[in-house]
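Take a look at the letters that make up each chain.
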Amino acid sequence: MKNIFYILVCCGLMLVENSIAQDTIQFNEGLVIRTMARGSRSAVYNDQLYHQWVTGNFASPKAGDKIDAGELIGEQQWETITINDEGVFQDNLIRGGYLFLSYNSPKSETRILDISGHTEVYVNGVPRGGDIYNKRWVLHPVQLKKGENTFLIKGGRPGLIDIKLLPVQKPVFFTQRDMTQPDLLTNENNDKWAAIRILNTTNKTLKNLRIVSEINGIKRESKLPPIIPNTSRKMPYVLNDAVSAEGEKEVSLKLYEGNRLMDQTLVGFDVVEPSDRHVRTFISDIDGSVQYFAVRPGNVPDGVKPALFLSLHGAGVKAKGMAGTYKPKDWGHVVSPTNRREFGFDWEDWGRWDAMEVFGIAEKMYDTDPKHTYLKGHSMGGHGTWQIGATFPGKWAAIAPLAGWYSFYSYGGKRDLEEPTPIQKMLMRASHSSNTLELARNYLHYGISIHHGDLDTNVPTAQARFMRSYLAEYHPDFTYFEHKGRGHVFGMDHQMIFDYFKWHSIPENGDVDEFEFSTASPGISCSTRFITLYQQEKPFEFSRVKVNQNILTRRQKRREKLTVVKNRKIEVTTENLGIFKMDLAHTAKADSVSVTIDGANSIDLTTHKGKEVWFHKTNGIWKLGEAPINTHHKNPTRYGNFKDAFRNKMVFVYSTKGTKAENEWSIQKARFDAETFYYRGNGSIDIVSDREFIANGYKDRSVILYGNSSTNAAWNVLLKDSPIQVKRGKLIMDDKQLEGKEWGSYFIRPRKDSKTASVGVVTGTGMEGFRAAMANRYFISGTGYPDFLVFSHELYRKDYQGVKAAGYFGNDWSIKNGDMVWNPAL
């Protein structure tokens, strides 16, 4: 028997069925409006409806209400929409558009918002994380008030929204949606990491939680980090791998707060033989979360160093599934990282960091041969192969992109502006690492085997054909194969690719007569062969080197039996470079060593042969110098831009010393960012208040600070010497000053008590500025954020005209020695 309730929504009546057994609130009718947005893969996000929300002018709409979305999109109006037979709101208007719902609650209560298919949702104006790919992972504890409650929902990729309000059965509990689990191996008996989500529906931060796992009588206790009120968090725990037979094994998990049992559950784990494809987990240095990679072990003979094949999956494909497409190899292991998620970051940004983190773990775990390391991927992973291959060229002996698109500019919707303004140029620089073609000379390091289906309509064959033509202009070692009559999927485990790999190995540095290297920033990629780029002259403009050296010819090796170049001569040509290093280990047995840089006089390095040498450019002249000792200057471990702050196990710090509205914004924004990074990056973020933050307690961890010097007590601890100072009603940038409550800003600073960690700042001069900074497009792959960005809410209405200042700090992290554009018109 069901009770029927009529609930006011927008301007009409909506029928809601409320099951007595489940007590679930189901929405049946709402309003929808077409996309307001422009600015794909850009830090600048033009959205007239969002501008209304930011400025506090958004009001509950009714059918027929109109919004002028600008001349490119035109006037749009709200239309009535009802759920389909599956109980889901579905319409093409939802894809990138907005859905508005309302619920008239008879009482104040906490509910679980079960929602999917959306980018983000604003519950009574409070932002919560999205489920853009409709994975059904999102469960948000939300506070309903007595009376009207509004839900402004930005649609995601699928063009549908499934939304319900579930009752709270327990105040704190496990959910098995979206767990991270290792496989248990029959030949191992050790501890392994796993992760499960915990929902905190209370109004307090939980600090004394622990998980006790038990398998075959073996218990492990894991103390958990805190969970702030009304959110969920994916929590790491340890279990013992005490199994001996294949199949599935249940593990008991019990959740305690102190000594009080809060919840318990049984979780199934796969048990496999070590020779089978399997999943391994690890704690990521990016955010301290549990991540995994998949392995297809090879049948490599004892005493032989195995090759490593890093295999990148496509969009919507799991790493475990990717590894499962291969048969075991007799000369190496296939390892598949995750990109942090099935869609993740397109193997850029955190996806790139994940790939290289797994690469480093696998090298050590399997003791692989560094001369026989290969990169391969399909679809989005094909793009990752082009991208990561170009970014870290010295790591690979050969690469193989399959059905891959080569750049966001060619396939991913990123705009390449024809006549950019100074502000636009500054923001475009921040995403230079996405510009594959600017890095394409790095492909000369290795061989390339390109594969594509000639009937591919998902990633058009034109992507591969363009790269074939592009490489033909200069690359001597690549193959191209179109699979006739095949579409996007034509198999992964092609023998011809692994044969091609087997023909290639990474040469010794002393045997390389020339190479080129380009990077958008030393903080992204800094080294190859025997050269390391340390500092740029102009940050995030491309830096390049071309290196030539004399090597032994085949005649000298075979007939003259020479094994060493007696008089090693190295020539280096540089572009946009201030400091670099050469490792001369390969010259240790030479009689003499010399280098010529940018055509200047030769520098004798004979006394430095076999050692590392540093070069500094002063007044346009290169000189031999010492290794940089000021680690607080920009260097490859900490270079910016703003996104760079979101690593080193970052901790989010919200404010408590502001007004009620300022403090509520701060914790809501921190939670919104954490929920977004959880979904997009499988993340797990520590969130603490400024009162709880103690610098020594978070040593060498990056900090994301929410608020300003008037509201967040951690500001003076971390940012007292920053050239950008923000307080209530005022923003100061060296000799420039802005007054008013409307300014928002994102910027990065070095953490002064650490050689590696940074401070990322999300700030504003008042509630208008704070709300303008609420968006978190910095978690979208390919979006470019410079070291600092200052803007007003006009950003969402006037595009780049809403940006007041953008730029990069100098190598000493000053504004004076940096590069900034100021918009006098705003």
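Refer to the structure printed above.
Residues numbered from 1 in each chain as written. Predicted model: local features only at pLDDT ≥ 70, side-chain atom pairs only at ≥ 80, totals over all residues. Heavy atoms only, no water.

Visitor: Would you take a moment to explain the sheet that holds strand 27 (residues 290–296) for this structure?
Guide: In sheet architecture, strand pairing relies on hydrogen bonds along the backbone and comes in two forms, parallel and antiparallel. Here we have 8 strands laid out as an open sheet, ordered 26-27-29-28-30-31-32-33, and mixed in their pairing. Strands at the two margins of the open sheet, each flanked by one partner only, are strand 26 (278–283) and strand 33 (478–483). On average, adjacent strands in this sheet sit at an angle of 20° to one another, irrespective of strand direction. Bridge count between strand 27 and strand 29 (residues 332–336): 3 bridges; the pairing is antiparallel. Within strand 29, the position partnered with R296 by the bridge is V334. (Pairing = 2+ DSSP bridges. Helix = DSSP H or I, 4+ residues; strand = E, 2+ residues; numbered from the N terminus. Axes fitted to C-alpha atoms, helices over the stretch in contact; angles between N-to-C directions.)

Visitor: Whenever I open this one, the side chain of S336 confuses me. Can you help?
Guide: Looking at where S336 falls in the secondary structure, it is placed in strand 29. What makes S336 buried here is its relative accessible area of 0%. Among the polar contacts listed, one links the side chain of S336 to the backbone oxygen of S311, at a separation of 3.3 Å. Not counting residues within four places of it along the chain, the set of residues in contact with S336 comprises F293, A294, S311, A319, M322 and A323. (Buried < 20%, exposed > 50% of the residue type's maximum accessible area, 1.4 Å probe, protein only. Polar contact = N/O pair within 3.5 Å; in protein donor to acceptor, adjacent residues only side chain to side chain. Contact = heavy atoms within 4.5 Å.)

Visitor: Help me understand the pattern of salt bridges, please; the structure alone is not making it clear to me.
Guide: If charged atoms from side chains of opposite charge come close, those side chains can pair. Counting across every chain of the model gives 48 salt bridges. Members of the salt-bridge network, linked through shared partners, are D114, R136, D162, K164 and R177. (Salt bridge = Lys/Arg side-chain N within 4 Å of Asp/Glu carboxyl O.)

Visitor: Explanation requested: unusual backbone geometry in the structure shown.
Guide: Phi is mostly negative for residues that are not glycine, and the peptide bonds are mostly trans. Cis geometry marks the peptide bond from G640 to N641; its omega dihedral reads 10°. Following the sequence through the fold, N641 ends up in the loop between strand 43 (621–625) and strand 44 (651–654). For D799, which is not glycine, the phi dihedral falls at a positive 65°. Counting through the fold element by element, D799 comes out in the loop between helix 13 (795–798) and strand 53 (803–808).

Visitor: Help me understand the nonpolar core in this model?
Guide: Note on soluble globular proteins: their nonpolar side chains tend to be buried together. Grouped together as the largest cluster of nonpolar side chains are 91 residues, with contacts concentrated most on F646, F652 and F693. The biggest single contributor to this core is helix 10 (residues 660–681), with 5 residues. Look past the residues within four positions of F646 in its chain and what remains in contact with it is I286, W350, W353, F652, I704, Y778 and F779. In this structure, F282, Y406, A440 and L471 belong to the second largest nonpolar core, which totals 38 residues. (Core = buried A, V, L, I, M, F, W, Y, C linked by side-chain atoms within 4.5 Å.)

Visitor: Can you walk me through the pairing of strand 30 (residues 373–378) in this structure?
Guide: Regular strands place side chains that alternate from one sheet face to the opposite one. By the criterion of burial, strand 30 is predominantly enclosed, with 6 of the 6 residues buried. Neither face of strand 30 is open: one carries T373, L375 and G377, the other Y374, K376 and H378, and all of them are buried. Summarising the sheet, strand 28 (residues 307–312) and strand 30 pair through 5 bridges and their orientation is parallel. Looking at strand 30, one finds that L308 is bridged to T373. Taken together, strand 30, helix 4 (residues 380–391) and strand 31 (residues 398–402) constitute a β-α-β crossover, and its handedness is right-handed. (Right-handed = clockwise from strand over helix to strand, strands pointing away.)

Visitor: Whenever I open this one, helix 6 (residues 422–429) confuses me. Can you help?
Guide: Because an α-helix completes one turn every 3.6 residues, residues spaced three or four positions apart along the sequence face the same direction. With respect to burial, helix 6 is a largely interior element, 6 of its 8 residues being buried. Within helix 6, the full set of buried residues consists of I423, Q424, M426, L427, M428 and R429.

Visitor: What is the right way to look at the packing of aromatic side chains in this model?
Guide: Each pair of aromatic rings is reported with the distance of its centres and the angle of its planes. Scanning the entire structure with this criterion turns up 58 aromatic pairs. Taking 3.8 Å as the distance between ring centres and 5° as the angle between the ring planes, the aromatic pair formed by Y133 and F343 counts as stacked. Of the two residues, Y133 is situated in the loop between strand 14 (126–129) and strand 15 (139–144) and F343 in the loop between strand 29 and helix 3 (350–366); the sequence distance between them amounts to 210 residues. Note on F343: relative accessible area 18%, which makes it buried. The ring of Y480 carries the charged tip of R468 above its face, separated from the ring centre by 4.5 Å. Here the basic side chain of R647 rests over the ring of W353, its NZ or CZ set 5.6 Å away from the ring centre. (Phe/Tyr/Trp six-rings, centres within 6.5 Å; stacked < 30°, edge-to-face > 60°. Lys NZ or Arg CZ within 6 Å of the ring centre and 35° of its normal.)

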